[in-house]
Amino acid sequence: MTGRSVGMSPERVSVWLTPRTYLAILPQPRLWGLWVLFLSVSVLALGFFVVATPSFSSEEFGIDQELSRSHTGFLTAVAMILNIAFSPVGGVLIIALVFLLLLLVRRAPIDALAFGGVAASGWLSSQFFKVIVERQRPNPALLFDPLAPETGSNSFPSGHVALAVGLAWAFCFLLLRSPWSRTLWARVAALCAVLVPLVVAWSRIYVGVHYPTDVLASFLAASAGVLLFVGIWNRFLPRLVPGSTINSAASPHSTRPNS
């Protein structure tokens, strides 16, 4: 496909693709569609199992109750901060802040769109599976110290954890493609991107609003959503802008995605 068949004029492309553009092509695994299918089926299988097996949920709830008996001031403060930071409102603010930094400070609109899309796809995946599975949340009345009582059939998977996983993917993509990918700061940031979702997952059980399988499913669901977005992004972005321009603007460490 050539840039003249479909896409923007070279003048308009130059506005969107600059030497600072690193996410014009996102890292993509082979057979990404099968990965999306496998992860999605795994989430659904796990969700239908826990809903159909109340005794399993009762055993899981024992972990929530044990943590509820062991609340401390410091850990409670951390859990409640994460409860707010990775809420829907907090997530929108985080994504919007990074989006504006990439758009206005680094002047890389393609990167801003890619970052926002990756992060949002991770969170939106949880909302999709919530509607299908409809698992009841843990009963806060049975907790020793309910910190943020929530009820309803929207427990599986955790939106907070899915948002954290989506953000982790987005930051890792940005670091992997940037010139700083081999620096110490990039390694520290990548480590944080891995640890933060794990800490958020712990916090949701600590607060008592999710079962352990809820947070486990969030990692699978968010990853499925991210891989789906990446596949669509890599497939259709070259149709909007000339491929040669995309290649020239991509990071020197980048390669064409596998089809």
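Just above sits the structure.
Because the structure is a prediction, the values reported are computed rather than measured.

Digging into unusual backbone geometry
- Of note, the amide linkage connecting Phe156 to Pro157 takes the cis form, showing an omega dihedral of -10°.
- Mapped onto the elements of the fold, Pro157 is located in the loop between α6 (109-133) and α7 (159-177).
- Notably, Leu31 is not glycine yet its phi reads approximately 55°, a positive angle.
- With respect to the helices and strands, Leu31 occurs in the loop between α1 (10-16) and α2 (32-52).
- Its relative accessible area of 55% is what places Leu31 among the exposed residues.

With respect to the packing of α2 against α6
- Direction vectors running N to C along α2 and α6 enclose 40°, while the axes themselves pass 10 Å from each other. Where α2 crosses over α6, the two elements pack in a sense that is right-handed. Contacts between α2 and α6 involve Ser40, Val43, Leu44, Gly47, Phe48 and Val51 from the first element and Phe129, Ile132 and Val133 from the second.
- Residue composition of the contact of α2 with α6, by class: seven nonpolar, two polar and no charged.

A few points about the pattern of salt bridges
- Summed over all chains, the structure comprises three salt bridges.
- A salt bridge links Arg135 to Glu60; its shortest N-O distance comes to 2.8 Å. With Arg135 in the loop between α6 and α7 and Glu60 in helix α3 (residues 54-68), this pair connects stretches of sequence that are 75 residues apart.
- With a relative accessible area of 4%, Arg135 lands in the buried category.
- Judged by its relative accessible area of 6%, Glu60 is buried.
- When salt bridges that share partners are traced, they join Glu60, Arg135 and Asp214 into one network.

Cut-offs and rules
- Residues numbered from 1 in each chain as written.
- Predicted model: local features only at pLDDT ≥ 70, side-chain atom pairs only at ≥ 80, totals over all residues.
- Heavy atoms only, no water.
- Helix = DSSP H or I, 4+ residues; strand = E, 2+ residues; numbered from the N terminus.
- Buried < 20%, exposed > 50% of the residue type's maximum accessible area, 1.4 Å probe, protein only.
- Axes fitted to C-alpha atoms, helices over the stretch in contact; angles between N-to-C directions.
- Left-handed = near helix turned anticlockwise from the far one by under 90°.
- Contact = heavy atoms within 4.5 Å.
- Nonpolar A, V, L, I, M, F, W, Y, C, P; charged D, E, K, R; others polar.
- Salt bridge = Lys/Arg side-chain N within 4 Å of Asp/Glu carboxyl O.

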